[in-house]
Amino acid sequence: MQPFTATDGEPASAFYQSITDENAKRLLDFLIDNPDQQRTAADLRQHLGFAEHREVARATYLLGNLAAALDRGRPWHEGQQGYTMPGELAALFQQARAGTP
C-alpha cells in the first residue's frame, strides 16, 4: 500500500465518497478540521460524543479498510499517543469533502 500524498485528489475523493458509516465520517471530518493536532482515542470519543472507546476503534478500522481498497494507507498518523492528520493531507481531504479532486 502506498500513502496518500497531497496530489492524490482523485483517490482522496473516491475514499471520502465511499464512507457510508456516519461515525467514521464524523471521525475523519474531525481529523480534517483539526490538522496537526494529536488526539487520543479518549479525546476523540469525547469530542465526537461516542458512547464507548470501541466506536473510535471501529471507525478507524472501517476507514482503514476503505483506504486499503484503494491501495492506500490510513491518511493519519497513529501511535500510542493518539491520532494526527498532517496539514497537507487535511487540505487534500477538505477538497475531497467539497467534491473537488
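Relevant structure appears above.
## What to know about the overall build of the chain
Thought 1: In terms of regular secondary structure, the chain is built from five helices and two strands.
Thought 2: In the chain, the succession of α and β elements from N to C terminus is α-α-α-α-β-β-α.
Thought 3: Rg of the C-alpha trace for the chain: 12 Å, near the compact-globule value of 13 Å for 101 residues, within the 12% margin.
Thought 4: Projecting the C-alpha coordinates of the chain onto the three principal axes gives extents of approximately 35 × 25 × 25 Å.
Thought 5: When each of the 101 residues of the chain is scored for burial, the buried share is 43%.
Thought 6: Relative to all contacts within the chain whose residues are 6 or more apart in sequence, the contacts with residues 24 or more apart total 66%.

## A short note on helix α1 (residues 9-17)
Thought 1: For α1, the complete set of buried residues consists of G9, A12, S13, F15 and Y16. The arc that holds every buried residue of α1, seen down its axis, measures 160°, which confines them to one face. Exposed side chains of α1 directed beyond 90 degrees from the buried face belong to E10 and Q17.
Thought 2: Tucked inside the fold, the buried residues of α1 contact α2 (22-33), α4 (53-69) and α5 (87-98).

## Overview of α5
One turn of the α-helix equals 3.6 residues, which is why residues spaced by three or four share an orientation.
Thought 1: Under the 1.5 Å per step criterion, the end-to-end length of α5 is 16 Å for twelve residues, consistent within 8% with the ideal 16 Å.
Thought 2: For α5, the full list of buried residues reads L89, A90, L92, F93 and A96. Buried positions in α5, seen along its axis, are confined to an arc of 160° and lie on one side of it.
Thought 3: Contact partners of the buried residues in α5: α1 and α2.
Thought 4: Of the residues trailing α5, G99 is marked for its positive phi of about 90°.

Rules and cut-offs
Residues numbered from 1 in each chain as written. Predicted model: local features only at pLDDT ≥ 70, side-chain atom pairs only at ≥ 80, totals over all residues. Heavy atoms only, no water. Helix = DSSP H or I, 4+ residues; strand = E, 2+ residues; numbered from the N terminus. Rg over C-alpha atoms; globule rule 2.2 N^0.38 Å. Buried < 20%, exposed > 50% of the residue type's maximum accessible area, 1.4 Å probe, protein only. Contact = heavy atoms within 4.5 Å. Arc of directions from axis to C-beta. Expected span 1.5 Å × (residues − 1).

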